[in-house]
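A look at the structure
Spelled out, the chains give:
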Amino acid sequence: MSADNRTVWVVDDDASIAWVLEKALSREGYDVSRFDSAEAMLAEMNGQPGARPDVVLSDIRMEGMSGFELVDALHRDNAELPVIIMTAYGDLDSAVDAYRHGAFEYLTKPFDIREMLTLVERACHQGAAADVTQGGGGKPKTMLGESTAMQEVFRIIGRLSSSEMNVLIRGESGTGKELVANAIQRNSPRADKPMIAINTAAIPAELLESELFGHEKGAFTGAHGRHVGRFEQADGGTLFLDEIGDMPAGLQTRLLRVLSEGRFYRVGGREEVHVDVRVIAATNQNLESLVASGAFRNDLFHRLNVIAIHTPTLRERRSDIPMLVNHFLQQTAAELGGELKQCSAEVFEIMQAYDWPGNVRELENVVRRLTVLAPSKTIQPADLPAEMLQADSRSEDWESALADTASDRLRSGESRLMQSMGARFETALIRAALAHSRGHKQKAAELLGWGRNTLTRKLRQLHLD
Ligand SMILES: Nc1ncnc2c1ncn2[C@@H]1O[C@H](COP(=O)(O)OP(=O)(O)OP(=O)(O)O)[C@@H](O)[C@H]1O
Ligand SMILES: [Mg+2]
């Protein structure tokens, strides 16, 4: 990853050290700012909205606020911001403290400049590859839904609020799995502890092991310092394993061990690390078929799947579409500072008929585009993307509509669906056949593929005669 456009803030009350760091980092292309106290750095950050470095390098012992206090203060609002702690006291205690405070890494002074650069580069890379999602302070995204399908999701989140069991969130891409993970964490006994996220699919397989479990200095070429993995960072809190279906086989085995024993070794490490981590995993893949094909461990699947939450597709909850559209219209207008647009009734109709293969994310993107591109204040059908205007998908899609209705009813606790829905299905077919035959029963029976007597019996049963 290139250092260009990456910002590093150096906090040290020793001007000469700060100067050396600045020189070395700027030479590599980083944009560096120096601060002689933690307070000064926080003032800069809070004074200017949007002022936010990619990495912070901070001394521990300074006049006023210490490096640890700075980490704590930063992580209240920016849980994902990597902070590298520099210490002149290369003892275990300050190292342990650094991790306990959630520092990304620590450097012992005097340090090797190359080691420092490697760490900074790693920290930048990490911030980009995986992030700690809205653990504490950040404003959580609103999760909206009034449909039965979403109410069910909310109910489960509520029921889970006193529990620390592992959860597996399943659902198509863009259905809000990450949002659900955040909501579970925020409403859990571990709400005040960090939620560390790692996206299995976004990190190269060869880096994933050390990302999860950490490594010791010298564990492999390029391992210039000790690295604390996500499991250790999440100790006491929650680990969000996103896209778990993409986890390589070898790591699945390690993961299973950590989940069952709560301990592991860092890569190249001899000392066992004990952790207490609640795991929330998510996937859009069919884990059962991955298990069947041998690509996913069955025992791991069962360990993760203690509680399963299914995020419904948008087409399973079409009634929520207008509400979501209005929400995204407001959000985009607020963000872009433009005028608040609205949709014509026809536009809502088309949107509710469309199948949304990309689910809420696709809807969000469409609304953003419309906010920018639609010429007038009221969005019209002609402004919509072409794929949404193609043949009304409702009439072609009666089977999925039927399936949606069936799932809705099951969710609301109904049983004996064949009796209720089956009767209505037959009624609809019989009515259509009778209408087509202009009331001629013999002909209607033929159209349906029944004998005359069957039709008569059905008419009586269904109270159609
Ligand atoms: N119920 C909801 N209310 C409001 N916004 C939502 C809702 N569900 C999803 N979103 C928004 O849709 C986008 C996609 O959601 P999210 O990233 O949680 O999906 P995902 O299931 O994790 O997708 P993927 O499998 O592709 O990672 C986000 O911007 C999210 O804020
Ligand atoms: Mg996701």
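To start, this report covers the structure provided alongside it. (Residues numbered from 1 in each chain as written. Chains lettered and ligands numbered in written order. Predicted model: local features only at pLDDT ≥ 70, side-chain atom pairs only at ≥ 80, totals over all residues. Heavy atoms only, no water.)

On to the overall build of the chain, then. Across its full length, the chain holds 21 helices and 14 strands. Here the C-alpha atoms of the chain give a radius of gyration of 28 Å, more than 25% beyond the 23 Å that 2.2 N^0.38 yields for 465 residues. With the C-alpha coordinates of the chain rotated into their principal frame, the extents come out at 100 × 55 × 35 Å. Taking all 465 residues of the chain together, 47% fall into the buried category. Counting only contacts in the chain whose residues sit at least 6 apart along the sequence, the fraction spanning at least 24 positions is 71%. Working note: accessible area of the chain is about 22,700 Å², and carbon and sulfur atoms make up 49% of it. The averaged location of the 67 negative side-chain charges in the chain is 9 Å from the averaged location of its 52 positive side-chain charges. (Helix = DSSP H or I, 4+ residues; strand = E, 2+ residues; numbered from the N terminus. Rg over C-alpha atoms; globule rule 2.2 N^0.38 Å. Buried < 20%, exposed > 50% of the residue type's maximum accessible area, 1.4 Å probe, protein only. Contact = heavy atoms within 4.5 Å. Areas by Shrake-Rupley, 256 points an atom, 1.4 Å probe, with all protein chains shown as cover. Lys, Arg positive; Asp, Glu negative; His and termini not counted. Charge placed at Lys NZ, Arg CZ, Asp CG, Glu CD.)

Below, the discussion takes up the sheet that holds strand S11 (residues 278-283). Taken together, 5 strands build an open sheet; the order of strands is S7-S8-S11-S6-S12 and the sheet is parallel. Across the chains shown, the open sheet's two edge strands, defined by having one partner strand only, are strand S7 (195-199) and strand S12 (307-310). The sheet shows a mean angle of 20° between the axes of neighbouring strands, direction not considered. (Pairing = 2+ DSSP bridges. Axes fitted to C-alpha atoms, helices over the stretch in contact; angles between N-to-C directions.)

Three or more residues of helix H21 (residues 452-461) are buried, namely Leu455, Lys458 and Leu459. Taken end-on, H21 shows its buried residues confined to a sector of 100°, consistent with a single buried face. Those residues of H21 that are exposed and aimed more than 90 degrees away from the buried face are Asn453 and Arg460. In the core, the buried residues of H21 are packed alongside helix H19 (417-436) and helix H20 (441-448). (Arc of directions from axis to C-beta.)

What follows is about the site of ligand 1. Contacts to ligand 1 come from 21 residues, most closely from Ser173, Gly174, Lys177, Arg361 and Glu364. Contacts to ligand 1 include Glu178, whose backbone N or O atom sits 3.1 Å from an oxygen atom. Contact with the protein chains hides 92% of the accessible area of ligand 1, taken as 630 Å² for the molecule alone. Judged by its atoms lying within 2 Å of the grid points, ligand 1 is housed in the second largest pocket. When residues of the shell around ligand 1 are traced back to their parent elements, those giving at least two are helix H7 (177-186), helix H13 (321-336) and helix H15 (359-373). Grouping the constituent residues of the shell around ligand 1 by class yields 7 nonpolar, 6 polar and 8 charged. A domain-level breakdown of the shell around ligand 1 finds at least three residues from each of domain 2 (148-310) and domain 3 (315-395). (Near = heavy atom within 4 Å. Polar contact = N/O pair within 3.5 Å; in protein donor to acceptor, adjacent residues only side chain to side chain. 1 Å grid on protein atoms, 1.4 Å probe; cavity = no way out; pocket = protein on both sides within 12 Å on 5 of 7 lines; lining within 4 Å. Sits in = over half its atoms within 2 Å of the grid points. Nonpolar A, V, L, I, M, F, W, Y, C, P; charged D, E, K, R; others polar. Domains from an automatic or database assignment.)

Quick look at the pattern of salt bridges now. Two side chains of opposite charge can pair, provided their charged atoms sit close to one another. Applying the stated criterion across every chain yields a total of 21 salt bridges. Between Glu316 and Arg411 there is a salt bridge, and its shortest N-O distance comes to 3.5 Å. Taken as a pair, Glu316 in the loop between S12 and H13 and Arg411 in helix H18 (residues 398-411) lie far apart in primary sequence, 95 residues in all. A salt bridge links Glu335 to Arg368; the nearest nitrogen and oxygen atoms lie 3.1 Å apart. Taken as a pair, Glu335 in helix H13 and Arg368 in helix H15 lie far apart in primary sequence, 33 residues in all. Take Arg368: its relative accessible area is 26%, and that puts it in the partly exposed class. One network of salt bridges, in which partners are shared, links Glu164, Arg190 and Asp276. (Salt bridge = Lys/Arg side-chain N within 4 Å of Asp/Glu carboxyl O.)

Note that every value here comes from positions in space, so none of it alone points to a role or purpose.
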